[in-house]
Amino acid sequence: MENSATAKSTNRKKKKEPWEIVLKDRFLKNEKPDNPYLTALLYFIVCFLSFLLVFVCFFQLCEIKGASMLNTLHDGDHILLLRISTQYKRGDIVIITKEKEDSSQSNKNKNIVKRVVAVAGDSIRFDLVNNGDDAEVVLYLMKKGTDEFLPVSEPYLKEPMNKNSPSFSKIEFGKEIKIEDGFIYVLGDNRNISQDSREDGPYSTKYVYGKRVLTVEKGSLLEKLLSFLYHPNDAVD
């Protein structure tokens with residue numbers, strides 16, 4: 001009698017843990033699960049956590065500080081960055097890490113947000129529209145593989161470039177600037193106050209922190225979710 005009870009107990013189907021249903025039975029033995037709803041839920045959880053891990057590793061939320069990208073980006077805006085990109089095209093908005101001029105500060109690096117206007121193989125030049133005190137400046141581009149400079153249409157500019165802008169202090173108007181391999185030329189959309197490649201020259205792509213994927217709408221659910229996922233001290237200037 002005792003042996004019979006023991007046999008029944010041994011033959012009784014052992015209750016399986018959820019992880020066994022998914023990892024052991026479904027993936028290793030390819031057995032049909034007893035509870036398909038539980039399996040579906042676990043599949044969803046695994047996929048969601050995997051997506052979350054990839055998203056956090058390869059993307060980054062940044063907050064805009066300053067006015068150098070008006071009217072495209074405003075102070076306090078959030079943008080979502082792709083961190084793993086190595087290819088950049090004209091018109092991309094990127095975050096570049098550069099050294100601060102004041103080396104006495106504990107943090108020697110700062111992030112700047114700018115627009116790519118020329119890539120490797122391109123040439124650019126800045127031409128004056130007229131010679132008056134408030135002469136406007138037009139950007140000309142000769143794309144890689146072409147032999148003609150053409151004016152760049154820039155509807156995103158806050159206002160026309162003025163030759164008296166401090167950032168033009170190192171620029172020789174009418175002179176060709178060649179962009180070498182591994183470099184990009186970047187400018188702010190608010191050109192008359194922006195500090196960019198006009199002062200520093202082309203930036204190496206190895207200093208690009210990430211490029212914008214989208215601008216997150218203020219007060220949206222997505223902004224709240226991303227602010228929860230990412231560290232808040234990723235501001236850019």
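Preceding block: the structure.
None of these values were measured; they are calculated from a predicted model.

K.L.:
Would you mind going over the overall build of the chain with me for this structure?
P.N.:
Regarding its fold elements, the chain presents five helices and 13 strands. Going through the 237 residues of the chain one by one, you find that 37% of them count as buried. Taking the contacts inside the chain whose residues are at least 6 apart along the sequence as the reference set, 61% of them involve residues at least 24 apart.

K.L.:
Even after reading the chapter, I still don't get the pattern of salt bridges, so can you show me in this structure?
P.N.:
What the rule picks out here adds up to 10 salt bridges. K89 is paired through a salt bridge with D92; the nearest N and O atoms lie 3.1 Å apart. The exposure class of K89 is exposed, given its relative accessible area of 53%. Here D92 falls in the buried class, since its relative accessible area comes to 10%. R198 is paired through a salt bridge with D196; the nearest N and O atoms lie 2.9 Å apart. Taken individually, R198 and D196 each receive the classification buried, so the pair is uniform in this respect.

K.L.:
Explanation requested: the environment of V208 in the structure shown.
P.N.:
With respect to the element layout, V208 can be found in strand β12 (residues 208-216). Linking V208 and T86, residues 122 residues apart in sequence, is a C-alpha distance of 8.7 Å. With residues near it in sequence (within four places) discarded, V208 still touches Y88, V94, I95, I96 and I184.

K.L.:
Which parts of the structure should I look at to understand a nonpolar patch on the surface?
P.N.:
A grouping of L41, F44, I45, F48 and L49 is seen on the molecular surface, where their side chains present a nonpolar patch of about 500 Å² in accessible area. The residue L49 is located in helix α3 (residues 36-58) in this model.

K.L.:
What's the story with the nonpolar core in this structure? I'm lost.
P.N.:
Across soluble globular proteins, nonpolar side chains have a tendency to be buried as a group. Within the largest apolar cluster, 13 residues are counted, with the highest numbers of intra-cluster contacts made by A118, I124, F126, L139 and Y185. Contributions of two or more residues to this core are made by β4 (109-118), β5 (123-128), β6 (136-142) and β10 (183-187). With three residues, the single largest contributor to this core is β6. For A118, the contacting residues outside a window of four places in its chain are R90, I124, L141, I179, I184 and Y185. Residues C62, I64, L81 and Y209 belong to the second largest nonpolar core, which totals 11 residues.

K.L.:
What exactly am I supposed to notice about the pairing of β5 here?
P.N.:
Working note: regular strand, side chains alternate between the two faces of the sheet. Where β5 meets β6, six bridges bridge the pair, whose relative direction is antiparallel. Each bridged residue has a counterpart across the sheet, and for L128 the counterpart in β6 is V137. Relative to strand β9 (residues 177-178), β5 runs antiparallel, the two sharing two bridges. Bridged to S123 within β9 is K178.

Scoring rules and cut-offs
Residues numbered from 1 in each chain as written. Predicted model: local features only at pLDDT ≥ 70, side-chain atom pairs only at ≥ 80, totals over all residues. Heavy atoms only, no water. Helix = DSSP H or I, 4+ residues; strand = E, 2+ residues; numbered from the N terminus. Buried < 20%, exposed > 50% of the residue type's maximum accessible area, 1.4 Å probe, protein only. Contact = heavy atoms within 4.5 Å. Salt bridge = Lys/Arg side-chain N within 4 Å of Asp/Glu carboxyl O. Patch = residues over 30% accessible without salt bridge, like charges linked within 9 Å, V, L, I, M, F, W, Y side chains within 5 Å. Areas by Shrake-Rupley, 256 points an atom, 1.4 Å probe, with all protein chains shown as cover. Core = buried A, V, L, I, M, F, W, Y, C linked by side-chain atoms within 4.5 Å. Pairing = 2+ DSSP bridges.

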